[in-house]
Amino acid sequence: MLPTILVYILYIIAPIMVAIGYSFTKYSGIGRAKLIGFSNYNRLFSDETFWLSLKNTVIILAVDFLLLLILAFLTALLLNNNLKFNGLSKALIFSPAIIAPIIVGIIWVYILDPEVGILNNLLEAIGLSALKQKWIGGAHLTPFSIAVIYFWQQLGYIVTIYVAGLKMVPEEVLEAARIDGASAVQKVLYVIIPMMRSTISSVAILVITGVFKIFEIVQQTTNGGPNHLSETLVTYSYATTFKNAEYGYGMSLATVTFIFCLFVVAVYQLVFRERKE
């Protein structure tokens, strides 16, 4: 284990510690960093853009958590059966997962852009102009649109994990449930889901950590604008650090994002931990 532990410390733990250290400094990236204590954190908690980016991140997390945990599971249940065109369906569902996030952003700009996007133009063409919205770049719908884009991109990956988990459920147990008169819904609720608890937990943690890392999609679709209305915690941290050259403040944002992500994961594991009889 020693080589693995050393690599983990060198490339994971050490950079985190360095980032936390810089969060207590004023540093432009040039010259020496000046230690300023908790000033960055005091500024952070009075920063309206920080709270807006936190709200956007929470909205994306809530939407994707429900969509990817529930709809991806239902999709996996369908794909686990020997349906017609099953192989083609799996390939089509998984295909967005292999597209680079920056390309995903470009694709959805052409769909959701309020002016040139396909969606608004289609609504106008069929006489539903009243339903046209500012899907991206507006004050309200952007985080929901980002959540839908991320769901589209990650669906195939999460479904693949679920299908692998379904394959691990013993056929003998399912057959016994069927003989006992369990309906399809009862088998899912009382046999499959309990036996896939660890898989579902892994998916939940992947979704939580994945949402906190969303960057390219936001950058490509809105670039955090207008006026920071569509920023997430990661994009705001990036803009502060590399565009504004405020490394200390940017690292305080990154540190708070890291802690908040750990907190959400811990709460999930505490609430949904497996209770031993």
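Residues numbered from 1 in each chain as written. Predicted model: local features only at pLDDT ≥ 70, side-chain atom pairs only at ≥ 80, totals over all residues. Heavy atoms only, no water.

**As for the packing of aromatic side chains**
Working step 1: In total, this model carries 16 aromatic pairs according to the counting rule given.
Working step 2: Every member of this aromatic cluster is reached through a ring pair, and the members are Tyr 22, Tyr 27, Phe 215, Tyr 238, Phe 242 and Tyr 247.
Working step 3: Between Arg 43 and the ring centre of Tyr 249, over which it is positioned, the NZ or CZ distance is 3.7 Å. (Phe/Tyr/Trp six-rings, centres within 6.5 Å; stacked < 30°, edge-to-face > 60°. Lys NZ or Arg CZ within 6 Å of the ring centre and 35° of its normal.)

**Overview of the pattern of salt bridges**
Working step 1: Scanning all chains against the criterion turns up three salt bridges.
Working step 2: The shortest N-O distance in the salt bridge between Lys 132 and Glu 124 comes to 3.2 Å.
Working step 3: Taking the relative accessible area as the measure of exposure, Lys 132 reaches 31% and is therefore partly exposed.
Working step 4: Of the residues examined, Glu 124 reaches a relative accessible area of 43% and is grouped as partly exposed.
Working step 5: A salt bridge links Arg 178 to Glu 175; its shortest N-O distance comes to 2.5 Å. A residue pair is termed a helical-turn pair when its members lie 3 or 4 positions apart in one helix, as Arg 178 and Glu 175 do in helix H8 (residues 171-179) at three residues. (Salt bridge = Lys/Arg side-chain N within 4 Å of Asp/Glu carboxyl O. Buried < 20%, exposed > 50% of the residue type's maximum accessible area, 1.4 Å probe, protein only. Helix = DSSP H or I, 4+ residues; strand = E, 2+ residues; numbered from the N terminus.)

**Describing the environment of Ala 62**
Working step 1: Along the chain, Ala 62 turns up in helix H3 (residues 48-79).
Working step 2: A relative accessible area of 42% means that Ala 62 is categorised as partly exposed.
Working step 3: The sequence separation of Ala 62 and Ala 147 amounts to 85 residues, and the corresponding C-alpha distance is 8.8 Å.

**Observations regarding unusual backbone geometry**
Working step 1: Between Gly 225 and Pro 226 the backbone carries a cis peptide bond, its omega angle lying at -5°.
Working step 2: Of note in the backbone geometry, Asn 223 takes a positive phi value of approximately 55° without being a glycine.
Working step 3: For Asn 223, the position within the fold is in the loop between helix H11 (216-221) and helix H12 (233-243).
Working step 4: Owing to a relative accessible area of 41%, Asn 223 belongs among the partly exposed residues under this scheme.
Working step 5: For Ala 245, which is not glycine, the phi torsion reads 55° and is therefore positive.
Working step 6: Mapped onto the elements, Ala 245 comes out in the loop between H12 and helix H13 (247-271).
Working step 7: Owing to a relative accessible area of 31%, Ala 245 belongs among the partly exposed residues under this scheme.

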